[in-house]
Amino acid sequence: MDSVFGAATVYIALLLLFRISGKRTVGDISTFDFVLLLIISESVQQAMVGRDQSMTHGLLLVTTLIGLDVALSLWRRRKGGLARWLESPPLVVVENGRPLAERMWKTRVDESDILAAARERQGLERMDQIKYAVVESSGKISIIPWERQ
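Note that the structure is predicted; figures quoted are calculated from it, not measured.

### Describing the environment of Phe5
Reasoning step 1: Residue position: Phe5 is located in helix 1 (residues 2–21).
Reasoning step 2: Considered as a pair, Phe5 and Thr64 are 59 residues apart in the sequence and their alpha carbons are 8.9 Å apart.

Okay, here's the thing in structure tokens:
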């Protein structure tokens, strides 16, 4: 039973840490983020497994983690406030071509991230060509250009 509590504790702790670290962690995984994720998984493995290296114990941990994830997703559907806290709603970070610095800081994106998304998705080169830029719940940046006439 200690394994189940250990797995649940690690799951909740990682969920909180990733939520605090911002959307970019989930949305745009860089090489550094990927390596960090691997290091985290190796670090918490010992906390969950302890000295028991049995196959049964490993399967119990995996089942616990997947079960928690499924339960949380079902709970999120029923409780709107929980979904907003876990995923946070989309946030406008550029409005009428003007960056909203406080919102950009909150979502941990900068102008270069927004311009990169504008070039990739819309072929835009300058901030004044962007009507809205929105950091979605997934961490992706959606660009809405000014309508061309």
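### Notes on helix 7 (residues 111–122)
Reasoning step 1: Taking 1.5 Å as the rise per residue, helix 7 with 12 residues should run 16 Å; its terminal C-alpha atoms sit 16 Å apart, in good agreement.
Reasoning step 2: Along helix 7, the residues classified as buried are Ile114, Leu115, Ala117 and Ala118. Taken down its axis, helix 7 places every buried residue within 160 degrees of arc, on the same side.
Reasoning step 3: As for helix 7, its buried residues are in contact with strand 1 (91–95), helix 6 (101–107), strand 3 (130–135) and strand 4 (141–145).
Reasoning step 4: After helix 7 finishes, the residue Gly123 shows a positive phi value of roughly 75 degrees.

### Side note on the nonpolar core
Reasoning step 1: Counting residues in hydrophobic clusters, the biggest one holds 15 residues, and the most contacted among them are Val93, Val94, Ile114, Ile130, Ala133, Ile141 and Ile143.
Reasoning step 2: At the level of secondary structure, the elements contributing two or more residues to this core comprise strand 1, helix 7, strand 3 and strand 4.
Reasoning step 3: At four residues, helix 7 tops the list of elements feeding residues into this core.
Reasoning step 4: Beyond its immediate stretch of four places on either side in the chain, Val94 contacts Pro99, Ile114, Met127, Ile130, Lys131, Tyr132 and Ala133.

### Some details on the confidence of the model for the chain
Reasoning step 1: Considering every residue of the chain, the mean pLDDT works out to 75; 59% of them sit at 70 or more.
Reasoning step 2: Element-level pLDDT for the chain is lowest in helix 2 (residues 24–27), with a mean of 49, against a maximum mean of 95 in strand 2 (residues 98–99).

### Side note on the pairing of strand 4
Reasoning step 1: Strand direction decides the pairing type here: strand 3 and strand 4, joined by five bridges, are antiparallel. Its bridge partner lying in strand 4, Tyr132 is registered against Ile144.
Reasoning step 2: Hairpin connection of strand 3 to strand 4: five residues between the antiparallel strands, including Gly139 at a positive phi of 100 degrees.

### A few points about the pattern of salt bridges
Reasoning step 1: If you walk through the whole model with that rule in mind, you get one salt bridge.
Reasoning step 2: Residues Asp128 and Arg126 are paired through a salt bridge, measuring 3.0 Å at the closest nitrogen-oxygen approach.
Reasoning step 3: Under the relative-accessibility criterion, Asp128 is labelled partly exposed at 46%.
Reasoning step 4: Look at Arg126 and you get partly exposed, because its relative accessible area is 44%.

### Observations regarding the pairing of strand 1
Reasoning step 1: One ladder, built from four bridges, connects strand 1 with strand 3; its direction is antiparallel. Of the residues in strand 3, the one forming a bridge with Leu91 is Val135.
Reasoning step 2: Summarising the sheet, strand 1 and strand 2 pair through two bridges and their orientation is antiparallel. Within strand 2, the residue paired with Val94 across the bridge is Pro99.

Conventions adopted
- Residues numbered from 1 in each chain as written.
- Predicted model: local features only at pLDDT ≥ 70, side-chain atom pairs only at ≥ 80, totals over all residues.
- Heavy atoms only, no water.
- Helix = DSSP H or I, 4+ residues; strand = E, 2+ residues; numbered from the N terminus.
- Expected span 1.5 Å × (residues − 1).
- Buried < 20%, exposed > 50% of the residue type's maximum accessible area, 1.4 Å probe, protein only.
- Arc of directions from axis to C-beta.
- Contact = heavy atoms within 4.5 Å.
- Core = buried A, V, L, I, M, F, W, Y, C linked by side-chain atoms within 4.5 Å.
- pLDDT = per-residue confidence, 0-100.
- Pairing = 2+ DSSP bridges.
- Salt bridge = Lys/Arg side-chain N within 4 Å of Asp/Glu carboxyl O.

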